[in-house]
Amino acid sequence: QFIYGKGLTSLEKNIKPLQFSMVQNILPKKQLRPIVQDYSLYSESALELVYKQGELKSIYHVPTNQIAPNKMNDDGEIDIYWYSQNFAKTMNNKPEPIDAWKPGDKRRNGSYIYIIKTYQAGRTYYNNPCYLPCLQYAHMEEEISNYYINHIYNGFSAGHIFNMNNGE
């Protein structure tokens, strides 16, 4: 919630109110929040840009886990993204190809996918999520939690028997 804040704003919204209202119509608040959440969690976010008669009409959030890039072309660009509701079960959810959005492209009708992501060295198809460095510590905390829960279930028994011969 702190990343999203009060939503999209502009320093020039009073100077250019028409353009600002057009942006708010194209990208409504209910689409902006999940875009920001995906970006903050996965370091990337997927947008569906819908063009009609050569103009951008709307922007929709597409869950990042439902988009997969095609293999890069010879120029190192991704031309197509694949959309599926569940890539683990592609027999029931057949992936559909959607063209990647490219600036300067003149054939503007239909839907395009645009991926917002930060640069990460050596990462071309997917970015590492922001929580990746803490996974070892999360696993460690899970094991400590299991240890204490097991200890409680066993009646706080030490698990060892100490035998003292004649009190020595």
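Anything mentioned here points back to the structure above.
The structure contained in this document is the topic of the report that follows. (Residues numbered from 1 in each chain as written. Predicted model: local features only at pLDDT ≥ 70, side-chain atom pairs only at ≥ 80, totals over all residues. Heavy atoms only, no water.)

A few points about the packing of aromatic side chains
Short version of the rule: When two rings of Phe, Tyr or Trp (its six-membered ring) have centres within 6.5 Å they constitute a pair, described as stacked for plane angles under 30 degrees, edge-to-face for angles over 60, and tilted for the intermediate range. Each helix corresponds to a stretch of at least 4 residues labelled H or I by DSSP, and each strand to a stretch of at least 2 residues labelled E; elements are numbered beginning at the N terminus. Classification of residues uses two cut-offs on accessible area relative to the type maximum, computed with a 1.4 Å probe and protein chains only: under 20% is buried, over 50% is exposed, and between them is partly exposed.
Enumeration according to the criterion identifies three aromatic pairs in this entry. Plain terms: the ring middles of W101 and Y114 are 5.4 Å apart, the flat faces sit at 85 degrees to each other, and that makes the pair edge-to-face. Of this pair, W101 sits in the loop between strand 5 (96-99) and strand 6 (110-117) while Y114 sits in strand 6, and the two are 13 residues apart along the sequence. With relative accessibility at 24%, the residue W101 sits in the partly exposed group. For Y114, a relative accessible area of 34% corresponds to the partly exposed category.

Some remarks on helix 2 (residues 29-42)
Threshold: A helix's residues, less one, multiplied by 1.5 Å, set its expected span. Here a residue-residue contact requires only that any non-hydrogen atoms of the pair lie within 4.5 Å.
Its 14 residues give helix 2 an end-to-end C-alpha distance of 20 Å, which sits within 8% of 20 Å, the value for a rise of 1.5 Å per residue. Next to the buried residues of helix 2 lie strand 1 (44-52), strand 2 (55-62) and strand 6. Trailing helix 2 by a residue or two, S43 shows a phi angle of about 65 degrees, which is positive.

Comments concerning the nonpolar core
Test applied: In these notes, a set of buried Ala, Val, Leu, Ile, Met, Phe, Trp, Tyr and Cys residues joined through side-chain atoms within 4.5 Å is what counts as a nonpolar core.
By size, the foremost hydrophobic cluster in this structure holds 11 residues: Y4, I26, L27, L32, I35, V36, L47, L49, Y51, I59 and Y112. Going through the elements one at a time, helix 2 and strand 1 are the ones with two or more residues in this core. Those residues in contact with L27 that lie beyond four places of it in its chain are L8, L32, I35 and I59. Listed in part, the nine residues of the second largest apolar core include A46, I67, Y81 and I113.

A short note on the sheet that holds strand 2
We count it as follows: Two strands qualify as a pair provided that DSSP identifies no fewer than 2 bridges between them. What counts as an axis is a line fitted to C-alpha atoms, over the stretch in contact for a helix, and the angles between N-to-C directions run from 0 to 180 degrees.
Read from one edge of the open sheet, three strands run 2-1-6, paired in antiparallel fashion. A strand with exactly one partner marks an edge of an open sheet, and here the two such strands are strand 2 and strand 6. For this sheet the average axis-to-axis angle between neighbouring strands, irrespective of direction, equals 30 degrees. Both strand 1 and strand 2 contribute to a ladder of seven bridges, which runs antiparallel.

Some points on the environment of A138
By the secondary structure assignment, A138 is in helix 3 (residues 135-153). Looking at A138, the relative accessible area reads 42%, which means it is partly exposed. Separated by 16 residues in sequence, A138 and N154 place their C-alpha atoms 24 Å apart.

Looking at the pattern of salt bridges
Selection rule: We count a salt bridge whenever a side-chain nitrogen from Lys or Arg sits within 4 Å of a carboxyl oxygen from Asp or Glu.
Enumeration over the complete set of coordinates arrives at four salt bridges. With its nearest N and O atoms 3.6 Å apart, the salt bridge here joins E12 to K16. Salt-bridge contacts for K102 lead to D79; the nearest nitrogen and oxygen are separated by 2.3 Å. Of the two residues, K102 is situated in the loop between strand 5 and strand 6 and D79 in the loop between strand 3 (67-69) and strand 4 (80-83); the sequence distance between them amounts to 23 residues. Under the relative-accessibility criterion, K102 is labelled partly exposed at 27%. On the accessibility criterion, D79 (30% relative accessible area) is partly exposed. Beyond isolated ion pairs, a larger network of salt bridges with shared partners links E77, D79 and K102.

Some details on the side chain of Q66
Positionally, Q66 belongs in the loop between strand 2 and strand 3. Under the relative-accessibility criterion, Q66 is labelled buried at 14%. Apart from residues no more than four positions distant in its own chain, Q66 is found in contact with W82, Y83, S84, Q85 and F87.

Regarding unusual backbone geometry
Phi angles above zero are rare outside glycine, and S43 is one such case at about 65 degrees. Within the fold, S43 resides in the loop between helix 2 and strand 1. We note that Q53 has phi near 55 degrees; this positive angle belongs to a residue other than glycine. Note on placement: Q53 falls in the loop between strand 1 and strand 2.

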